[in-house]
Amino acid sequence: MPIRVFNTLSGQKEELVPLEAGKLGIYVCGPTVYSFVHIGNARTFTSFDVVVRYLRYRGYQVKYVRNFTDVDDKIINAARESGEDPIALAARYVEEFRRDASALHLLEPDVSPKVSEHIPEILRLIRRLEERGVAYRSDGDVYFAVGKYSPYAKLSKRNLEDMKAGARVEVGEQKREPLDFALWKAAKPGEPAWEGPWGKGRPGWHIECSAMSARYLGESFDIHGGGLDLIFPHHENELAQSEAASGKPFAKVWMHCGFLDLEGAKMSKSLGNVVRLRDALSRVDAEALRYFFLSTHYRNPLSFGDKSLSDAEARMEYFYETLRKIDARLKGKEPGPGPVHGEPQKFLSDFEAAMDDDFNAAGALAAVSGIFAAANELIDRPPVKDKAVVERTLSVLREQVRRISRVLGLLEDAPEAWLARRKERLVKERGIDRGRVEALVKARDDARRAKDFATADRLRAELKELQVEIMDTPSGTVWWPAREISDSVPVTDGLSARIS
Ligand SMILES: [Zn+2]
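Since this is a predicted model, take the numbers as computed values, not measurements.

Caption draft 1: Looking closely at the coordination of the zinc ion. Coordination sphere of the zinc ion, protein contribution only: Cys29 (SG), Cys209 (SG), His234 (NE2) and Glu238 (OE), at 2.0 to 2.6 Å. Each of the four donor atoms around the zinc ion contributes to a set of angles spanning 74 to 129°, which defines the coordination as irregular. Counting the intervening residues between successive donors of the zinc ion yields the motif C-x179-C-x24-H-x3-E. With Cys29 in the loop between strand 3 (23-28) and helix 1 (39-57) and Cys209 in helix 6 (residues 207-217), the pair connects residues that are 180 residues apart, well separated along the chain.

Okay, here's the thing in C-alpha cells:
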C-alpha cells in the first residue's frame, strides 16, 4: 500500500512518491531560539518526529533536517532586555531546546543547521536572486520583488490584490512594493552583523530555510513541514525565493501541523498563553504527552488542558499495566510455532493502514488499544482453553507492541519502571502519606494472616478513605492511588479523527 499524504500545495491527499527511489528528504522549520520551546511547537515537532519514524519503519532512507533560527528580531529584542549577546543567548536556548526535545523523546534530526553558521550560503543565494532580477537593493537592505515572481501565493492561495490592500510597511523598511520582503537587512547598532556585498547586515527571516534546505537536501526535495502558522508569509516566501533562484520546483510536498489550543484560546505568544514544554513535562509523563499530541490527527486543532493530560497518562498506565500482565504471563518464554487465537496480526495491518492514510496517528492509537483489549481478554477471560494458544497469541501481540512503540515513541520503557514513576507522581500530586499507607497495608496483612477478617476489612476501608486501592496478588498486597480511570477513559476513535 502506498503512503498518502495531504499536500498543502496541491490542496489534496496524494501518493507519496520520492524524487529518488527509496530515499526521502524532509525539512522542518525549527524553533526560533529566544526562549524555551512552548507546547504548541512541541506538538508540531512530535508530529514530524512520528512522520520520520514511520517513513523509516516503511524502509525509506530518510534525511531529516530541522533548523535553528538563531538570528532574528525576537532574539535581538530578548538579548537587549537581558543585556546578553544575541548569538550567546540563542546558543544557550539551542542547548535548552535540545534538553527538552530529548526529554520528549524526539529523535535528533540528521542535520540541525543554524543560521549563524550558514551566512555564506545565504549570501550566495541572495546574489543569485539579484542576478535573476527578482531582488533589489535599497539603502543597504535587499528585498525580494514579489511582482517579478508570478506564481507568488500558490501555497497559501491568498488573493494578491487583497494582500496588497492589507499589507503594511514597517518603520525603517525601504521597499518598493508593500508585499516585497527583506532578504538582507542593513546592520543597526548592537545587532549581529556580517559583511555582505551590500555592506554589513544580517539575513531576513525567510532566506535561511531556502539556503539551508538547498545545502542539505538539494534545490528540489521531497517534504517540507512546519506549523500551520508558517504557511504565510514564511513558507510562501521560502518557496518564492527558492524557485525564483533555481528555476526548479522546491519542496514536492508541504505538510502543516494544526494549532494547539490552550483551553480554547489559540496558542499565541502575543496572547501570553504560553505553556513551556518543560513545565508540562514537570506535570506529566513524556510518553503521556506524546500520546496526547498523537490522539488527534496532526492537521486538526488540539485543545490542551489539565484534564486531557491526566486522561492521557491514565491511558498510558492502562497500557503499561497490561504489558506487565503480559510479561508476567509469558515469563520471558518464547512460545514455539503453532495455532493462535483469532487474527492477532491484524492490529499491525490496521496500524499501517492508519499511518499510510496521511499519518493518522490517532487511528494508529486505536489499533494499539485493540491490541491491549485483546491481551486483557486473553489473560482475564480466555476465550480458549489451550494455554499454549493463549500464550502464543499474547506473544504475537507483544511483538506488535514492540514494533509500533518504536514508531510512535510510546511504551518504550520497562513497565515496572514506568509504573513506579507514575505511582510516585500520583502519591505526590494527591498528597498521599506513603508511610501511613504502608503501615496500614502491613497491619491488614497481619490481620488476614491471623484470620481476623473484621480488622482486615476495617483497614481496607480506612485505606479507601486515603484514596488508596489494594490488590491481593500471589506475591503479596499491592497498593495504588485510587483510579477513576482505565476503561472509563475514552478510546481514541480513529475514524472520527480522520480528515480528508
Ligand atoms: Zn523555515
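Caption draft 2: Seen up close, empty space enclosed by the protein. Taken as a whole, this structure holds two cavities of 30 Å³ or more when the rule is applied. Forming the boundary of the largest cavity are 13 residues, of which Ser47, Leu294, Tyr298, Phe359 and Ala361 lie nearest the centre. Within the residue set of the lining of the largest cavity, elements represented by two or more residues are helix 1, helix 9 (286-294) and helix 12 (361-380). The element that contributes the greatest number of residues to the lining of the largest cavity is helix 1, accounting for three residues. The class makeup of the residues in the lining of the largest cavity is nine nonpolar, four polar and no charged. Both domains that furnish three or more residues to the lining of the largest cavity are identified here as domain 1 (4-283) and domain 2 (305-416). Reported here for the second largest cavity is a volume of approximately 60 Å³. As for the second largest cavity, its lining consists of Val368, Ile371, Phe372, Val401, Ile404, Ser405, Leu408, Leu410 and Leu411. Within the residue set of the lining of the second largest cavity, elements represented by two or more residues are helix 12 and helix 13 (387-408).

Caption draft 3: Layout of the sheet that holds strand 6 (residues 141-144). With antiparallel pairing, five strands are arranged side by side in an open sheet as 5-6-7-9-8. The open sheet terminates on both sides in strands that have one partner only, identified here as strand 5 (135-138) and strand 8 (194-196). Across the sheet, the mean angle separating the axes of adjacent strands is 40° when strand polarity is ignored. Alignment of strand 8 against strand 9 (residues 199-203), held across three bridges, turns out to be antiparallel. Paired with Gly196 across the bridge in strand 9 is Gly199. Set on the sheet, helix 4 (residues 119-131) makes contact with strand 5, strand 6, strand 7 (181-186), strand 8 and strand 9; between it and strand 7 the angle comes to about 120°.

Caption draft 4: Spotlight on the nonpolar core. Core analysis: the largest hydrophobic core is formed by 91 residues, its most contacted members being Leu55, Leu289, Phe304, Phe351, Phe359 and Leu408. At 11 residues, helix 12 tops the list of elements feeding residues into this core. Apart from residues lying up to four places away in sequence, Phe359 is in contact with Ile3, Val5, Val51, Tyr54, Leu55, Met255, His297, Tyr298 and Ala354. The next biggest cluster of nonpolar side chains, apart from the first, holds 43 residues, and it includes Met163, Leu179, Phe221 and Phe250.

Caption draft 5: Quick look at the domain arrangement of the protein chain. In terms of domain boundaries, the protein chain breaks down into domain 1 (4-283), domain 2 (305-416) and domain 3 (418-486). Between domain 2 and domain 3, the contact holds 13 residues from the first and 11 residues from the second. With both chains or domains summed, domain 2 and domain 3 bury close to 1,100 Å², and 49% of this area falls on carbon and sulfur atoms. Along the contact surface separating domain 2 from domain 3 lie four salt bridges. When the shortest N-O distance is used, the salt bridge between Asp413 and Arg421 registers 2.8 Å. Taken together, the links from domain 2 to domain 3 amount to 10 residue pairs in polar contact (both at pLDDT 80 or more).

Parameters and conventions
- Think of each chain on its own: its residues are numbered from 1, step by step along the sequence as written.
- Since the coordinates come from a predicted model, pLDDT governs what is reported: local features require at least 70, and pairs of side-chain atoms require 80 or more to be given and counted, while whole-chain, interface and lining totals use all residues.
- The side-chain numbers reported here are obtained from all heavy atoms of the structure, hydrogens and water having been left aside.
- For Na, K and Ca the donor cutoff is 3.2 Å, while for all other metals N, O and S atoms must lie within 2.8 Å; water is not among the atoms, so some sites may look incomplete.
- Geometry is assigned from the angles between donors: four donors with all angles from 85 to 135 degrees make a tetrahedral site, four or six donors whose opposite pairs exceed 155 degrees while the rest stay between 65 and 115 make square planar or octahedral sites respectively, and everything else is labelled irregular.
- For the purposes of this entry, the term helix denotes a DSSP run of H or I that reaches at least four residues, the term strand denotes a run of E that reaches at least two, and both are numbered from the N terminus.
- Think of a 1 Å grid over the protein atoms and nothing else: a 1.4 Å probe that fits but is trapped marks a cavity, an open set flanked by protein within 12 Å on at least five of seven lines marks a pocket, and residues with an atom within 4 Å of a point count as lining.
- Grid points are joined across faces, edges and corners, and a volume is the space filled by probe spheres set on the points.
- When residues are sorted by character, Ala, Val, Leu, Ile, Met, Phe, Trp, Tyr, Cys and Pro go into the nonpolar class, Asp, Glu, Lys and Arg into the charged class, and all the rest, Gly among them, into the polar class.
- What marks off one domain from the next here is an automatic or database domain assignment.
- When DSSP finds two or more bridges between a pair of strands, those strands are recorded as paired.
- As a rule, the C-alpha atoms of each element are fitted with a line to give its axis, helices using only the stretch in contact, and angles between N-to-C directions run from 0 to 180 degrees.
- Two residues form a contact once any of their heavy atoms are found within 4.5 Å.
- Take the buried Ala, Val, Leu, Ile, Met, Phe, Trp, Tyr and Cys residues and link them wherever side-chain atoms come within 4.5 Å; each set so joined is a nonpolar core.
- Think of it in three bands: residues with accessible area under 20% of the maximum for their type are buried, residues over 50% are exposed, and the middle band is partly exposed, with areas taken using a 1.4 Å probe on protein chains only.
- The term buried area refers to how much accessible surface (probe radius 1.4 Å) is lost by two components on association, counted for both of them together.
- Between Lys or Arg on one side and Asp or Glu on the other, a salt bridge is scored when a side-chain nitrogen of the former is within 4 Å of a carboxyl oxygen of the latter.
- What qualifies as a polar contact is a pair of N or O atoms within 3.5 Å, subject to a donor-acceptor requirement within protein and to the restriction that residues adjacent in sequence count only when both atoms come from side chains.

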